[in-house]
Amino acid sequence: MEKELLIVWNEMHERLLNFVNSKVHDDDLSQDIVQEVFIKVFSKIDTLKDKDKLVAWIFQITRNEIVSYFRQNKIQLPANELVEENEVLEDEYLDEIINYVHPMINVLPQKYKEALVLSDIENISQKDLAEKLQISYSGAKSRVQRGRKLLKETFDKCCDITTDVYGGVIDCKPKDPFNQCD
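Residues numbered from 1 in each chain as written. Predicted model: local features only at pLDDT ≥ 70, side-chain atom pairs only at ≥ 80, totals over all residues. Heavy atoms only, no water.

## What about the pattern of salt bridges?
- Taken as a whole, this structure holds 2 salt bridges when the rule is applied.
- Measuring nitrogen to oxygen at the nearest pair gives 2.4 Å for the salt bridge that ties lysine 40 to glutamate 65. Highlighted residues: lysine 40 in helix H2 (residues 27–44) and glutamate 65 in helix H3 (residues 54–72), separated in sequence by 25 residues.
- Judged by its relative accessible area of 11%, glutamate 65 falls in the buried class. (Salt bridge = Lys/Arg side-chain N within 4 Å of Asp/Glu carboxyl O. Helix = DSSP H or I, 4+ residues; strand = E, 2+ residues; numbered from the N terminus. Buried < 20%, exposed > 50% of the residue type's maximum accessible area, 1.4 Å probe, protein only.)

Put into structure tokens, the structure is as follows:
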């Protein structure tokens, strides 16, 4: 595992430096923080339960180190600063996740499918959704919430989903690749 970790680390080092520097805006400080990450990664590698999640784990340690730096120095970190990297990390899995989402939405009852597609994929407000579907605003909200709940239940039944501490999806794999989960 240590040899594998060294390979991943060498591949990620520059990316981590860029990520840290985009948050702290100081090259020397970025080097120091990445060095701290390096020490933590190597000293705590035995706590990693799933080696397939090594990259996500390293980024989580990196985010934690950045937050620690800001706390120790009593610097206010904008709330959205670290979420941006989650989005970058999620993009690595986005294509794979999209391959699961569309078929899962398609198995939902039509009224929930339509509500989810319009509100969550096409980004139509729930107020506009209510008008489009000719239902009350509270009815539209309920339909979207129920659709999301059904979608989550479908995913839970068919897939193993891993999220980070922020709730961002970092991995999604079918429980049984031969099961179509209809």
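## Things to note about the side chain of serine 30
- Residue position: serine 30 is located in helix H2.
- Side chain to side chain, serine 30 and asparagine 21 meet in a polar contact 3.1 Å long. (Polar contact = N/O pair within 3.5 Å; in protein donor to acceptor, adjacent residues only side chain to side chain.)

## Some thoughts on H2
- Here H2 is 18 residues long and its end C-alpha atoms lie 26 Å apart, about the 26 Å a rise of 1.5 Å per residue gives.
- Along H2, the residues classified as buried are Leu29, Ser30, Ile33, Val34, Val37 and Val41. Seen from one end, H2 has its buried residues packed into an arc of 130°, which puts them on one side.
- N-cap assignment for H2: the residue whose side-chain oxygen lies 3.0 Å from the backbone N of aspartate 28 is aspartate 26. (Expected span 1.5 Å × (residues − 1). Arc of directions from axis to C-beta.)

## Description of unusual backbone geometry
- Its identity is not glycine, yet histidine 25 carries a phi of approximately 55°, on the positive side.
- In this fold, histidine 25 is placed in the loop between helix H1 (2–24) and H2.
- Of note, the phi angle at glutamine 134 is positive, near 55°, even though the residue is not glycine.
- Structurally, glutamine 134 can be placed in the loop between helix H6 (126–133) and helix H7 (137–158).

## Some details on a negative patch on the surface
- A surface patch of like charges, here negative, comprises Asp26, Asp27, Asp28, Asp32 and Glu36.
- In this fold, aspartate 27 is placed in helix H2.
- Relative accessible area serves as the criterion here: at 56%, aspartate 27 is assigned to the exposed category. (Patch = residues over 30% accessible without salt bridge, like charges linked within 9 Å, V, L, I, M, F, W, Y side chains within 5 Å. Areas by Shrake-Rupley, 256 points an atom, 1.4 Å probe, with all protein chains shown as cover. Lys, Arg positive; Asp, Glu negative; His and termini not counted. Charge placed at Lys NZ, Arg CZ, Asp CG, Glu CD.)

## Some thoughts on the environment of threonine 162
- With respect to the helices, strands and loops of the structure, threonine 162 is situated in strand S1 (residues 159–163).
- In this structure, the C-alpha to C-alpha distance between threonine 162 and lysine 53, residues 109 residues apart in sequence, is 9.1 Å.

## Concerning the environment of tyrosine 137
- Position of tyrosine 137 relative to the elements: it lies in helix H7.
- Under the relative-accessibility criterion, tyrosine 137 is labelled partly exposed at 45%.
- Sequence-distant contacts of tyrosine 137, defined by excluding residues within four places in its chain, comprise Gln126, Lys127 and Ala130. (Contact = heavy atoms within 4.5 Å.)

## So, the packing of helix H5 (residues 110–121) against H6
- Direction vectors running N to C along H5 and H6 enclose 135°, while the axes themselves pass 10 Å from each other. Taken as axis vectors, H5 and H6 run oblique relative to one another. Where H5 crosses over H6, the handedness of that crossing is right-handed. In this structure, H5 contributes Glu114, Ala115, Leu118 and Ser119 to the contact, and H6 contributes Leu129, Lys132 and Leu133. (Axes fitted to C-alpha atoms, helices over the stretch in contact; angles between N-to-C directions. Parallel < 35°, antiparallel > 145°, perpendicular 65-115°, else oblique. Left-handed = near helix turned anticlockwise from the far one by under 90°.)

## A word on the confidence of the model for the protein chain
- Put simply, the protein chain has an average pLDDT of 77, and 76% of its residues get 70 or more.
- Taken element by element, the predicted model of the protein chain shows its lowest mean pLDDT in helix H4 (residues 83–106) (56) and its highest in H6 (92).
- Confidence over residues 79–95 falls short of pLDDT 50; this stretch has 30 contacts with residues more than four positions distant or in other chains. (pLDDT = per-residue confidence, 0-100.)

## Comments concerning the environment of serine 138
- Along the chain, serine 138 falls in helix H7.
- Along the primary structure serine 138 and glutamine 126 are separated by 12 residues, whereas in three dimensions their C-alpha atoms are 8.9 Å apart.

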